[in-house]
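Residue-level structure breakdown
Each chain is listed here by its residues.
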Amino acid sequence: MQRLDLVRERQELILQRLSELIQRVLQAEASQAEPAAISAEASDVPHAEASELQHRLRCELKSRGVTSFRFKRVPSDYYDRPLEGRQQMLAASSIEQLCKSIVLENVLHEPNPLTCTAACHSKHFLVLVQYAAKLHTEKLKRCLVKLSEGTLRAKHVNLRLAPEATSGQLTGFGHNAVTPVGMRTPLPIIMSHHIQNLQPGWFWMGGGEVDLKLGLPTAAFISAYQPLVLDFLGSRMGRKDDLPLCLACRRFL
């Protein structure tokens, strides 16, 4: 019996060491995607100091299987800084990782009970796009028409930035705080394919409060929220169908 007990102890020790090794490998893989440095101006929010809203968003993320994410508080002049300054605050790898969530409205939307459950037939969309990019509404319109497989006609699509009151009513979040996590009304989420292709695969977006930012792995977000990943960006130089948004004044530039 003593010999059998010794074998069991060794097996348990081997299994424990194997479990620790697997955990270290997983942590190393996660650290490759997460920002390594912490800015002195933007600070990680300790769990004990989290707001009620932040607790709610954290619970939703975990319920959807997202276990790696970070909340950061930024100073009040965050939106007065250039993108490079915001990048430094969040310790992002590049300005390409800085993203915004906007609500678009199809002002020509025609309700159809036969297609009401199809995402492309929605009246409103939550769109995730990089600050450094320009949203091309005509390209997005063509994507939606193509996805509908003939059930949505181009003449019934005209995408515009939703009024701030409408955006707040649908999402539950105010200006400069909109996020796809924890929306009051579930909206189809559309993500730029450039966000999906980010390297490293990590991005930052609004966290439900003006001074709160949420960062998480791109792959984890896509798996949890199943956004429509589409190519709808315009040229960096801009053209008449591009939609460069001034989110500070809610108008087209």
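Everything numeric in this text was worked out from a predicted model, so none of it was measured. (Residues numbered from 1 in each chain as written. Predicted model: local features only at pLDDT ≥ 70, side-chain atom pairs only at ≥ 80, totals over all residues. Heavy atoms only, no water.)

Turning next to the side chain of Ser167. Relative to the helices and strands, Ser167 resides in helix 5 (residues 164-171). What Ser167 contacts, discounting residues up to four positions off in sequence, is Val103, Gly172, Phe173 and Val178. (Helix = DSSP H or I, 4+ residues; strand = E, 2+ residues; numbered from the N terminus. Contact = heavy atoms within 4.5 Å.)

The next point concerns the environment of Cys120. Among the secondary structure elements, Cys120 is positioned in the loop between strand 3 (99-106) and strand 4 (124-130). For the pair Cys120 and Lys141, spaced 21 residues apart in sequence, the C-alpha to C-alpha distance is 9.4 Å.

Enumeration over the complete set of coordinates arrives at five salt bridges. Two residues, Arg73 and Glu209, come together in a salt bridge whose shortest N-O distance is 2.6 Å. Placement of Arg73 in strand 2 (residues 70-73) and of Glu209 in the loop between strand 8 (202-206) and strand 9 (212-217) is noted, with a sequence separation of 136 residues between them. Here Arg73 makes a salt bridge to Asp211, at a shortest N to O gap of 2.7 Å. You can see Arg73 sitting in strand 2 and its partner Asp211 sitting in the loop between strand 8 and strand 9, a full 138 residues away along the chain. We classify Asp211 as partly exposed; its relative accessible area is 30%. One salt-bridge network, in which partners are shared between bridges, spans Arg73, Glu209 and Asp211. (Salt bridge = Lys/Arg side-chain N within 4 Å of Asp/Glu carboxyl O. Buried < 20%, exposed > 50% of the residue type's maximum accessible area, 1.4 Å probe, protein only.)

This next bit is on the sheet that holds strand 4. Pairing in this open sheet of five strands is mixed, and the strands run 6-3-4-7-10 from one edge to the other. Strand pairing shows two members of the sheet lacking a second neighbour, strand 6 (159-161) and strand 10 (228-230), which therefore form its edges. Averaged over all pairs of adjacent strands, the angle between strand axes in this sheet comes to 35°, irrespective of strand direction. Sheet topology places strand 4 next to strand 7 (residues 189-192); three bridges connect them, and they run parallel. (Pairing = 2+ DSSP bridges. Axes fitted to C-alpha atoms, helices over the stretch in contact; angles between N-to-C directions.)

Looking now at the nonpolar core. Grouped burial of nonpolar side chains is what soluble globular proteins tend to show. The biggest cluster of nonpolar side chains holds 32 residues, and the ones touching the most others in it are Leu61, Leu128, Phe203, Leu216 and Phe221. When contributions to this core are tallied by element, the ones reaching two or more residues are helix 2 (52-63), strand 3, strand 4, strand 7, strand 8, strand 9 and helix 7 (218-225). If you tally residues by element for this core, the top one is helix 7, at four residues. The residues touching Leu216, leaving out its near neighbours within four places in the chain, are Leu61, Val66, Ser68, Phe69, Gly201, Trp202, Phe203, Met205 and Phe221. The next biggest cluster of nonpolar side chains, apart from the first, holds 19 residues, and it includes Cys120, Val129, Leu135 and Ile190. (Core = buried A, V, L, I, M, F, W, Y, C linked by side-chain atoms within 4.5 Å.)

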